[in-house]
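Each chain, letter by letter, is given below.
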Amino acid sequence: MSFFERLKTEASVEWRAYTEHPFTNGLADGSLPEAAFRHYLVQDYLFLIEFARAYALAVYKSPRLADMREAAAGLSAILDVEMNLHVKLCADWGLSPTDLEQAPPAAEMLAYTRYVLDAGVRGDLLALKVALAPCVIGYAEIAMRLASRPDADAAANAYRVWIAEYAGVPYQEVAAKARAHMEHLADLYATPAREAELIAIFKEATRLEADFWDADSDDLARVYRFDLAQDSEMISPTIPI
């Protein structure tokens, strides 16, 4: 069994809660309310900024020149490619660069990104890669699962572009490369005595990723409750509701 498969096996509860979260199922069948997706897009943009910092840290933590080049390529891909694509996707949803840059970060986004950076600062490159794995590798797995659903590519599904982006060959190759690099690092540095520590990092990072989905769902619920309250105030008290 590969190192990554061992991580998933040990964190099976957390991994399933993350990769099969109701938010992702709403993407697959198009039932996710648009307000929740817009909130996610904004927070994911802010997440990418912090994600870039993690890759910059990976350059510093790299023990070999090859590792430095791999981390530098990842950093460039985030800053020069992925963020531009994200801005374009957000524009399709009526979100301007100003909307993205001026948005306040959600506590859940900060919790996950701070945890990743802290894991990297305290540990080595492998610990940092393990903390990043739920996002980098997890998104590829989630997208492939969603793409197999019958409504994922339907013209009426507003989220088909997002699914296609992460299920497409370019991103799947990025995830496969990240997994292969983590496996290589594990072969070098994941001693039996260390594996429990790395599993704990993976579990917590996966849990925090699921909280990221929860934050979008909770934000939607708050908006929905507010709208209901506003509607109730507009109804005459003499009319039963």
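Residues numbered from 1 in each chain as written. Predicted model: local features only at pLDDT ≥ 70, side-chain atom pairs only at ≥ 80, totals over all residues. Heavy atoms only, no water.

Quick notes on the environment of Ala56
On the secondary structure map, Ala56 appears in helix H4 (residues 34-61). When the C-alpha positions of Ala56 and Ala72 are compared, they lie 7.1 Å apart, and in sequence the two are 16 residues distant. (Helix = DSSP H or I, 4+ residues; strand = E, 2+ residues; numbered from the N terminus.)

Here we look at empty space enclosed by the protein
Counting across every chain of the model gives two cavities of 30 Å³ or more. Along the walls of the largest cavity sit Tyr55, Lys129, Leu132, Ala133, Val136, Ile137, Ala178 and Met182, which together make up its complete lining. For the lining of the largest cavity, the residue count by class is seven nonpolar, no polar and one charged. Looking at the second largest cavity, its volume works out to about 40 Å³. Taken together, Phe47, Glu50, Phe51, Ala54, Thr113 and Val116 make up the lining of the second largest cavity. At the level of elements, H4 and helix H7 (107-122) are the ones that each hand at least two residues to the lining of the second largest cavity. No other element matches H4, which puts four residues into the lining of the second largest cavity. The residue inventory of the lining of the second largest cavity, partitioned by class, reads four nonpolar, one polar and one charged. (1 Å grid on protein atoms, 1.4 Å probe; cavity = no way out; pocket = protein on both sides within 12 Å on 5 of 7 lines; lining within 4 Å. Points joined across faces, edges and corners; volume = space filled by probe spheres on them. Nonpolar A, V, L, I, M, F, W, Y, C, P; charged D, E, K, R; others polar.)

Some words on the packing of H7 against helix H8 (residues 125-147)
As a packed pair, H7 and H8 sit with axes 7 Å apart at the nearest point and diverge in direction by 155°. In this view, H7 runs roughly antiparallel relative to H8, as classed from their interaxial angle. Note on packing geometry: the crossing formed by H7 with H8 is left-handed. Contact with H7, carried on its side by Tyr112, Val116, Ala119 and Gly120, involves Ala127, Leu128, Ala131, Leu132, Pro134 and Cys135 of H8 and no other residues of that element. Considering only residue class, the contact of H7 with H8 consists of nine nonpolar, one polar and no charged. (Axes fitted to C-alpha atoms, helices over the stretch in contact; angles between N-to-C directions. Parallel < 35°, antiparallel > 145°, perpendicular 65-115°, else oblique. Left-handed = near helix turned anticlockwise from the far one by under 90°. Contact = heavy atoms within 4.5 Å.)

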